[in-house]
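The residues making up each chain are set out below.
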Amino acid sequence: MSEPIAIDDPDDPRLAAYRAVRERDLVGRQGRFIVEGEVTLRMLFSARARFAAESVLLAPERWPAFADLFRESGPPVYLAGRDVMSAVAGFPIHRGVLAVGLRGEEPAPGALIPPAPAPALVVGLVGLTNHDNVGGLFRNAAAFGADAVWLDAATCDPLYRKAIRVSAGAALTVPFARAASGAALLDLAERHALAPLALTPGGGETLDALEPPARTLLLLGTEGPGLPDALMARARRVRIAMAPGFDSLNVATAGAIALHHLTGRRLGGGAACEGR
């Protein structure tokens, strides 16, 4: 096991990738991203992770809990007091756990799913700019066994620090790729024999009456405006039945209900619920 490296100077160049976390989250960090917290760090080092770690930065008291993760060939692990970590990151580090991940090359959307006629389920996100919702939908996609998430150009980055945290690390394991627009997502669905389902309160049929297609693209739009009419015109419009006088759900909640219906028979079994 490689030994951690103690750092007591916030200007140490080895911590450059951690500098001004919040500001650089918004403008990018040259093919890198930040992971924060125990759950997500362990996910980054799990066999399911799709990304590699460049380095890890821990408060010294957190090292014993993570020593089992690191091997001789692993990335460097830096130990710095919380005052140093906070000075580098630009905000108070309460968890004492940060890491830098490497994005690598983004895959082509079609490479992420089984070829027809094998069953496939893809979650398509159109215009979602709220990191909590994107993180929640990645967590749902992992929980219900979706093959991939496709995003349009307007949807926010699932590797934004908060989105990773809200996803409970699922953004590090669920395959995802971008297309230029919602229309491009539907073009991909046509090329790969995926039946497009548009989840909308104005759907002509209810989700509970739907026989899940073998190959599905589940389209989810931003809260409020929802999916554009031009996209819904090319998809099968489905709604979740609700009490009279109310037709609104948080998009991550609606996505979870839809994914449960689309995969429930295949997954079977139960699941434990745990707050994060």
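Keep in mind that what you see is a predicted model, and the values were worked out from it rather than measured.

(A) Inspection of the nonpolar core at higher detail. Leu 58, Leu 125, Phe 138, Val 149 and Leu 172 are the most contacted members of the largest nonpolar core, which has 53 residues in total. For this core, the element with the highest residue contribution is helix α9 (residues 251–267), accounting for seven residues. Setting aside residues no more than four positions away along its own chain, Leu 125 makes contact with Leu 137, Phe 138, Val 149, Trp 150, Leu 151, Asp 152, Thr 155, Leu 185 and Leu 220. Core analysis: the next-biggest nonpolar cluster, separate from the first, contains 22 residues, Ala 177, Leu 186, Ala 189 and Leu 217 among them.

(B) Representation of helix α5 (residues 131–143) in the model. Between its first and last C-alpha atoms α5 spans 18 Å; for 13 residues at 1.5 Å apiece the expected length is 18 Å, and the two agree. Along α5, the residues that are buried comprise Asn 133, Val 134, Gly 135, Gly 136, Leu 137, Phe 138, Asn 140 and Ala 141. For α5, the side-chain oxygen to backbone nitrogen distance between the N-cap and Asp 132 is 2.8 Å, and the N-cap itself is Asn 130. Directly beyond the C-terminal end of α5, a positive phi value near 75 degrees is found at Gly 145.

(C) Expanded view of the packing of aromatic side chains. Evaluated as defined, the whole model comprises five aromatic pairs. Between Phe 33 and Phe 51, the aromatic rings sit 5.4 Å apart at their centres with planes inclined by 80 degrees, giving edge-to-face as the arrangement. Taken together, the positions of Phe 33 in strand β2 (residues 32–36) and Phe 51 in the loop between α2 (38–44) and β3 (52–58) put the pair 18 residues apart, joining distant regions of the chain. Here Phe 33 matches Phe 51 in class, with each residue buried. Centroid distance Phe 138 to Phe 176: 5.6 Å. Interplanar angle 85 degrees. Geometry classified as edge-to-face. Taken together, the residues span a long stretch of sequence, with Phe 138 in helix α5 and Phe 176 in strand β8 (residues 176–178) at a distance of 38 residues. Each member of the pair, Phe 138 as well as Phe 176, carries the same accessibility label: buried. Grouping aromatic residues by their ring pairs yields a cluster made of Phe 33, Phe 51, Phe 138 and Phe 176.

(D) Molecular detail of the environment of Glu 223. In this structure, Glu 223 sits in the loop between β11 (215–221) and α8 (229–232). C-alpha of Glu 223 to C-alpha of Gly 202: the two residues are 21 residues apart in sequence and 14 Å apart in space. Every residue in contact with Glu 223, bar those within four places of it in the chain, is listed here: Asn 133, Asn 250 and Val 251. Only 3.2 Å separates the side chain of Glu 223 from the side chain of Asn 133, close enough to count as a polar contact.

(E) Up close: the pairing of β3. Burial analysis of β3 places five of its seven residues in the buried class, which makes it a mostly covered element. Judged from the six bridges that link them, β3 and strand β5 (residues 97–102) form a sheet pairing that is antiparallel. Bridge pairing links Val 56 to Ala 99 in β5. One ladder, built from three bridges, connects β3 with strand β4 (residues 77–79); its direction is parallel.

(F) The arrangement of the sheet that holds strand β10 (residues 205–206) in detail. Pairing within the open sheet is parallel, and its seven strands lie in the order β8-β7-β6-β11-β9-β12-β10. A single partner strand is all that each edge strand has here, and the edge strands are β8 and β10. Where strand β6 (residues 120–126) lies against β11, seven bridges are found, and the strand directions are parallel. Bridge pairing links Val 123 to Leu 218 in β11.

(G) Spatial organisation of the pattern of salt bridges. Counted by the stated rule, this structure contains 13 salt bridges. Measuring nitrogen to oxygen at the nearest pair gives 2.9 Å for the salt bridge that ties Asp 12 to Arg 14. Judged by relative accessible area, Asp 12 falls into the buried class, the value being 12%. A relative accessible area of 41% places Arg 14 in the partly exposed class.

The rules behind the values
- Sequence positions are assigned chain by chain, starting from 1 and proceeding in written order.
- Two thresholds apply to this predicted model, a pLDDT of at least 70 for residue-level local features and 80 or more for giving and counting side-chain atom pairs, whereas whole-chain, interface and lining totals are computed over all residues.
- Excluding hydrogens and water, the side-chain values take into account all heavy atoms of the structure.
- Nonpolar cores were defined as sets of buried Ala, Val, Leu, Ile, Met, Phe, Trp, Tyr and Cys residues, with membership established by side-chain atoms within 4.5 Å.
- Buried residues are those whose accessible area, probed at 1.4 Å on protein chains only, stays under 20% of the maximum for their type, while exposed residues exceed 50% and partly exposed ones sit between those limits.
- Comment: elements are numbered from the N terminus, with helices defined as DSSP H or I runs of at least four residues and strands as E runs of at least two.
- Here a residue-residue contact requires only that any non-hydrogen atoms of the pair lie within 4.5 Å.
- Multiply 1.5 Å by the residue count of a helix minus one, and that product is the helix's expected span.
- Polar contact is defined as a pair of N or O atoms within 3.5 Å, subject to the rule that within protein one atom must be able to donate a hydrogen and the other to accept it, and that residues adjacent in sequence are counted only when both atoms are side-chain atoms.
- In summary, the pairing rule links any two rings of Phe, Tyr or Trp, Trp by its six-membered ring, whose centres are within 6.5 Å, and it sorts them by plane angle into stacked for under 30 degrees, edge-to-face for over 60 and tilted for everything else.
- Two strands pair if DSSP finds at least two bridges between them.
- Whenever a carboxyl oxygen of Asp or Glu lies within 4 Å of a side-chain nitrogen of Lys or Arg, that contact is scored as a salt bridge.

Remember that the coordinates give geometry; whether it matters functionally is a separate question.
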